[in-house]
Amino acid sequence: MLPLMETLMPAVNLNDQATFDYSTEAELYPTRSRKARRQPMGYRRFSRAADAIRFAIEELPADLLIGAYLEVDERRFDSSGIRQLYESPDYPLTRRADVSKGN
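Residues numbered from 1 in each chain as written. Predicted model: local features only at pLDDT ≥ 70, side-chain atom pairs only at ≥ 80, totals over all residues. Heavy atoms only, no water.

Moving on, we come to unusual backbone geometry. The phi dihedral of aspartate 73 falls on the positive side, at around 50°, and the residue is not glycine. For aspartate 73, the position within the fold is in the loop between strand S4 (69-72) and strand S5 (75-77). What makes aspartate 73 exposed here is its relative accessible area of 57%. In this model, glutamate 74 sits at a positive phi of 65°, which is unusual for a non-glycine residue. The residue glutamate 74 is located in the loop between S4 and S5 in this model. Looking at glutamate 74, the relative accessible area reads 74%, which means it is exposed. (Helix = DSSP H or I, 4+ residues; strand = E, 2+ residues; numbered from the N terminus. Buried < 20%, exposed > 50% of the residue type's maximum accessible area, 1.4 Å probe, protein only.)

Right under this line is the structure:
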């Protein structure tokens, strides 16, 4: 069995984008915040990957996004992969205008 870090997809290449289905169910696993004052945010399941991606980029605090991963159809995407899916021309939802590149 591979360690977790080796199973994550750090980036989305063109072939992955062509076959990625934003309407598929997705699971988001954020990391725990290192800031003791903040309430930890746990696992969340979404009926559509597009909603999970939007939540991760637009709502998840930056310190939780860094170590988060998204699982869709047994494929895992780290924070960089999640961002690439969000920035893809194929992303079906309207992006929030004030989301910075560095979240």
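Attention now goes to the pairing of S4. Burial along S4 is two-sided: the residues Tyr69 and Glu71 and Leu70 and Val72 are all buried. Of the pairings in the sheet, the one linking strand S2 (residues 26-29) to S4 comprises three bridges and is antiparallel in character. Note on S4: the bridge partner recorded for leucine 28 is leucine 70. As paired elements, S4 and S5 share three bridges and run antiparallel to each other. Bridged to valine 72 within S5 is arginine 75. (Pairing = 2+ DSSP bridges.)

This part is about the pattern of salt bridges. The full count for this structure, using the stated rule, is six salt bridges. Arginine 54 is the salt-bridge partner of glutamate 58, the closest N and O atoms lying 3.8 Å from each other. Taken together, the positions of glutamate 58 and arginine 54, both in helix H3 (residues 49-59) and four residues apart, correspond to about one turn of that helix. Where arginine 76 meets glutamate 71, a salt bridge forms, and the shortest distance between an N and an O atom there is 3.1 Å. Among the residues examined, arginine 76 registers a relative accessible area of 23% and is labelled partly exposed. (Salt bridge = Lys/Arg side-chain N within 4 Å of Asp/Glu carboxyl O.)

As a further point, take the nonpolar core. Membership of the largest hydrophobic core comes to 24 residues, with the highest contact counts inside it found for Phe20, Ile53, Leu70 and Ile82. Every element with two or more residues in this core is listed here: S2, H3, helix H4 (62-65), S4 and helix H5 (79-87). Ranked by the residues each element gives to this core, the list is headed by H3, at seven residues. Apart from the residues lying within four places of it in its own chain, the contact partners of leucine 70 are Ala26, Glu27, Leu28, Ala52, Ile53, Arg75, Arg76, Phe77, Ile82 and Leu85. (Core = buried A, V, L, I, M, F, W, Y, C linked by side-chain atoms within 4.5 Å. Contact = heavy atoms within 4.5 Å.)

H5 packs onto H3 with a crossing angle of 105° between their chain directions and a minimal axis gap of 9 Å. In terms of orientation, H3 lies roughly perpendicular with respect to H5. Of the residues in H5, those touching H3 at Ile53, Arg54, Ala56, Ile57 and Glu58 are Ile82, Arg83, Leu85 and Tyr86. Per-class residue counts for the contact of H3 with H5 are six nonpolar, no polar and three charged. (Axes fitted to C-alpha atoms, helices over the stretch in contact; angles between N-to-C directions. Parallel < 35°, antiparallel > 145°, perpendicular 65-115°, else oblique. Nonpolar A, V, L, I, M, F, W, Y, C, P; charged D, E, K, R; others polar.)

Shape descriptors only; they carry no functional weight alone.
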